[in-house]
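Structural overview for review
Listed below, chain by chain, are the residues.
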Amino acid sequence: MLSISRVNIQKEQLNELLDHFENLQALILTNSPIKEVSLSSTTLTGIRFSACPALIGVSLDTPALVKASFIDCPQLYHIPAVWPSALSSLTFEKCHNLQEPWFAAALSLSTLSFKECFALTQPRIEPTLGCLSMIRFVNCKRLMGSLFTTPMMQRVECLVEFHDCDMSEAQVQDVFLRCPNMTLLGMNGVASLTQLMIPMHPSCRGVSLTSCEALERVQVTPQAHQLEHLKVDTCSALLTIESPTFLRRVEVSNCATLETLQHVYANMMVLRQNPLLKRLHPNMQMHQLAISHCQSLTAPQQPLFY
């Protein structure tokens, strides 16, 4: 491993240095004023660029590369469109100038993560990325349009997460449409989402919604037979949850405005900290019901079911 920190090194000097490490497997470059990087190596399996404020572009001829991360590189905008086929993990964090990156050819890519990439609008994720098992967006406020060029041809199960991102329901529906192997959709702090319809999907078994402050309605369509778990937590504007499809587990917590669950059928239902929740629809197939701190629901002379 070669680690370079706080050294005023430029592209040519870095390449010259790498020539002296014939079997180098990992490169870490930290706190460097370098502007461009062009790497050529048959042995490199990992690279990490951190706190490189002037880094604008990266080009790679590294067929053995497995893991790459770019952290706190605020000027970075030029990255490869074609990545090494062996690459399995790719992370961008605090790359504020990254807008529409294109990801293709990385046939082994399993994890793709963006965090605090404030200019990121529409990453173009190619359907050839068949091994993607984790796609995560954190605090990316300008996502727009379709995030996937065409339906993904994944060969593995996939988890998709959005944290503190601004998204419309149409974008969420597009994720359902273009990620046929998505098994879990997690949304945390998606403040712009006002309603969500969970459609029929070949693989999605769970949906988790946390701190979606504008969310008023969650509806599971009758055709969504594959869905097993629904979790809703700290959605302060939530008024309605409707699920005519029978689920294994429904968990609703800290939803201050929720009053009724009219058509929610589940084998197990967990209700916590929902102070205005008053009534439940009778569910003869329910095997377990757990209630905690739902004062209106358990109030004296208040019927539990209606």
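Note that this is a predicted model, so its numbers are computed, not measured.

Considering the overall build of the protein
Within the protein one finds two helices and 22 strands. Looking at the 306 residues of the protein, the share that counts as buried comes to 48%. Sequence separation of 24 or more characterises 24% of the internal contacts of the protein that already satisfy a separation of 6 or more. Here the protein displays about 13,700 Å² of accessible surface, and carbon together with sulfur accounts for 51% of that area.

What to know about the state of the cysteines
With the rule as written, the count across this model stands at zero disulfides. Of the cysteine sulfurs around cysteine 165, a residue in no disulfide, the closest is that of cysteine 140, at 4.9 Å. Judged by relative accessible area, which is 0%, cysteine 165 ranks as buried. The structure places no disulfide on cysteine 212, whose sulfur is separated from the nearest cysteine sulfur, that of cysteine 235, by 4.8 Å.

Regarding the confidence of the model for the protein
In this model, the protein carries an average pLDDT of 84, and 89% of its residues clear a pLDDT of 70 or more. Within the protein, strand β21 (residues 279-280) has the poorest average pLDDT of any element, 72, and strand β6 (residues 67-71) the best, 96.

Remarks on unusual backbone geometry
What is expected of a backbone is that most residues other than glycine have negative phi and most peptide bonds are trans. Look at glutamate 116: it is not a glycine, yet its phi comes out positive at around 55°. Phi angles above zero are rare outside glycine, and asparagine 139 is one such case at about 55°. Tracing the backbone through its elements, the reader meets asparagine 139 in the loop between β11 (134-138) and β12 (158-163). For asparagine 139, a relative accessible area of 19% gives the class buried.

With respect to the pattern of salt bridges
Under the definition given, this model contains six salt bridges. Here glutamate 228 ties to arginine 248 by a salt bridge, and the two come within 3.9 Å at their closest N and O atoms. Linking glutamate 228 in the loop between β16 (217-220) and β17 (229-233) with arginine 248 in strand β18 (residues 240-253), this pair joins segments that are 20 residues apart in sequence. You can call arginine 248 exposed: its relative accessible area is 54%. One salt bridge connects glutamate 251 with arginine 272, and the closest N-O pair in it is separated by 2.6 Å. A residue pair is termed long-range when its members are at least 10 positions apart, and glutamate 251 in strand β18 and arginine 272 in strand β20 (residues 263-272) qualify at 21 residues. Residue classification places glutamate 251 among the buried positions, given a relative accessible area of 12%. Of the residues examined, arginine 272 reaches a relative accessible area of 34% and is grouped as partly exposed.

Points about the pairing of strand β7 (residues 89-93)
Pairing of β6 with β7, which is carried by five bridges, proceeds in the parallel orientation. If you follow phenylalanine 70 over to β7, its bridge partner there is phenylalanine 92. The sheet contact formed by β7 and strand β9 (residues 111-115) spans five bridges and is parallel. Looking at β9, one finds that phenylalanine 92 is bridged to phenylalanine 114.

Rules of the game
- Residues numbered from 1 in each chain as written.
- Predicted model: local features only at pLDDT ≥ 70, side-chain atom pairs only at ≥ 80, totals over all residues.
- Heavy atoms only, no water.
- Helix = DSSP H or I, 4+ residues; strand = E, 2+ residues; numbered from the N terminus.
- Buried < 20%, exposed > 50% of the residue type's maximum accessible area, 1.4 Å probe, protein only.
- Contact = heavy atoms within 4.5 Å.
- Areas by Shrake-Rupley, 256 points an atom, 1.4 Å probe, with all protein chains shown as cover.
- Disulfide = S-S within 2.5 Å.
- pLDDT = per-residue confidence, 0-100.
- Salt bridge = Lys/Arg side-chain N within 4 Å of Asp/Glu carboxyl O.
- Pairing = 2+ DSSP bridges.

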